[in-house]
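# Per-entry structural report
Listed here are the chains, written in short residue letters.
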Amino acid sequence: MSRVLLIEDHERLAQLIAKGLAAAGIAVDVATRIDGAWASLQQMSYQALILDRGLPDGDGLALLGRMRAAGLGLPCLVLTAREALHDRVQGLEAGADDYLAKPFAMDEMVARVRALLRRPVEFRPLAHAHGDLALQPEGDLLCCGEERITLAPAEMQIMLLLLRKHETTVRRGALEAAAWGLNDAVTPNALDVALHRLRRKLAAIGSRQRIVNLRGVGYVLRADDAAQ
């Protein structure tokens, strides 16, 4: 399932957008501020961004500019009440892929997001490989040399985060957010089950990488010799 990040501080509108996208089979995480959205982008792998401009901590285009400067090229739809021509031009020049003025029809918004999801991401600054491992998110595959194994969506998100943060401890809450989103309830042992399956899959494809539990701190991806 595709997952998008919605940055919208109007609670009711955010709920309506999330509901409309969920009905179309698109999962949504919601952030209400630029700083929270940036933190989510560091933890999660999204396929598109829906961005409001008027946010409590600034213009949403500031976040878009920061993303583009960092090389993060996921497609972005700007939603805003600013519909003047110069506002639309400003948004597109800041790196937006599409622009939709409020108020809007939900069907049109969903159609525009679907169109963005069909676009290839031009560049990906976040690593999908480390050591003897490589991830192919488009095929749900975890690879080690010539060996391949399929990952469930939650497992893929966990591995993406561990690979990006390799040799760095990742807290349990960050892994849960990556796997199941920021807004979904997670059962107490869901992460433990997912990590158990990932460890078995790493062994099955012959990887030297191990998911190490640093009790009370978090989890880290390390090679066998470093895990001792």
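The chain is annotated in an unreviewed UniProt entry as Transcriptional regulator from Massilia aurea.

### A look at the overall build of the chain
When helices and strands are counted, the chain shows 9 helices and 13 strands. Across the 228 residues in the chain, those meeting the buried criterion constitute 45%. Long-range contacts, defined as pairs at least 24 residues apart, comprise 61% of the intrachain contacts of the chain with a sequence gap of at least 6. Just so you have it, the chain exposes about 11,200 Å², and 50% of that area is on carbon and sulfur atoms.

### Considerations on the side chain of Glu-155
Inspection of the secondary structure puts Glu-155 in helix H6 (residues 153-164). From its side chain, Glu-155 meets the backbone nitrogen of Ala-152 in a polar contact 2.9 Å long. Among all residues touching Glu-155, those that are not within four sequence positions of it are Thr-150, Ala-194, Arg-197, Leu-198 and Lys-201.

### With respect to the pairing of strand S11 (residues 147-150)
Note that strand S10 (residues 141-144) and S11 share 4 bridges and pair antiparallel. Of the residues in S11, the one forming a bridge with Cys-143 is Arg-148. The hairpin turn running from S10 into S11, its antiparallel successor, is 2 residues long, and Gly-145 in that turn takes a positive phi close to 60 degrees.

### Focus: unusual backbone geometry
Residues Lys-102 and Pro-103 are joined by a peptide bond in cis, for which omega reads -5 degrees. Within the fold, Pro-103 resides in the loop between strand S7 (98-101) and helix H5 (106-117).

### So, the packing of H6 against helix H8 (residues 190-204)
For the pair H6 and H8, interaxial distance at closest approach is 10 Å and the crossing angle is 75 degrees. Here H6 is positioned roughly perpendicular relative to H8, judged by the angle of their axes. Between H6 and H8, the contacting residues are Glu-155, Ile-158 and Met-159 on the first element and Leu-191, Ala-194, Leu-195, Arg-197, Leu-198 and Lys-201 on the second. Per-class residue counts for the contact of H6 with H8 are 6 nonpolar, no polar and 3 charged.

### Side note on the sheet that holds S11
Within the open sheet, the 4 strands sit side by side as S8-S9-S10-S11. Their pairing is antiparallel. Because the sheet does not close on itself, it has two edges, and the strands there are strand S8 (129-130) and S11. Contacts from H6 reach S8, strand S9 (133-136), S10 and S11, with the element oriented near 135 degrees to S9.

### Points about the pattern of salt bridges
One pass over the structure, following the stated rule, counts 12 salt bridges. With its nearest N and O atoms 2.9 Å apart, the salt bridge here joins Lys-102 to Glu-8. Of this pair, Lys-102 sits in the loop between S7 and H5 while Glu-8 sits in the loop between strand S1 (2-7) and helix H1 (11-23), and the two are 94 residues apart along the sequence. The salt bridge involving Glu-155 is made with Lys-201; its shortest N-O contact spans 2.7 Å. In this pair, Glu-155 is assigned in helix H6 and Lys-201 in helix H8, connecting sequence segments 46 residues apart. Here Glu-155 and Lys-201 have matching classes, each one buried. One network of salt bridges, in which partners are shared, links Glu-8, Asp-52 and Lys-102.

### With respect to the UniProt feature "modified residue: 4-aspartylphosphate" (unreviewed entry) in the chain
As recorded in UniProt, the feature "modified residue: 4-aspartylphosphate" (unreviewed entry) lies at Asp-52. Among the secondary structure elements, Asp-52 is positioned in strand S3 (residues 48-52). Apart from the residues lying within four places of it in its own chain, the contact partners of Asp-52 are Ile-7, Glu-8, Asp-9, Gly-60, Leu-79, Thr-80 and Lys-102.

### Let's talk about the environment of Thr-150
By secondary structure assignment, the location of Thr-150 is in strand S11. As for Thr-150 and Pro-137, which are separated by 13 residues in sequence, their C-alpha atoms are 10.0 Å apart. Excluding residues within four positions of it along the chain, Thr-150 makes contact with Asp-140, Leu-141, Glu-155 and Lys-201.

Scoring rules and cut-offs
Residues numbered from 1 in each chain as written. Predicted model: local features only at pLDDT ≥ 70, side-chain atom pairs only at ≥ 80, totals over all residues. Heavy atoms only, no water. Helix = DSSP H or I, 4+ residues; strand = E, 2+ residues; numbered from the N terminus. Buried < 20%, exposed > 50% of the residue type's maximum accessible area, 1.4 Å probe, protein only. Contact = heavy atoms within 4.5 Å. Areas by Shrake-Rupley, 256 points an atom, 1.4 Å probe, with all protein chains shown as cover. Polar contact = N/O pair within 3.5 Å; in protein donor to acceptor, adjacent residues only side chain to side chain. Pairing = 2+ DSSP bridges. Axes fitted to C-alpha atoms, helices over the stretch in contact; angles between N-to-C directions. Parallel < 35°, antiparallel > 145°, perpendicular 65-115°, else oblique. Nonpolar A, V, L, I, M, F, W, Y, C, P; charged D, E, K, R; others polar. Salt bridge = Lys/Arg side-chain N within 4 Å of Asp/Glu carboxyl O. UniProt positions renumbered as here; feature names shortened; annotations may be inferred.

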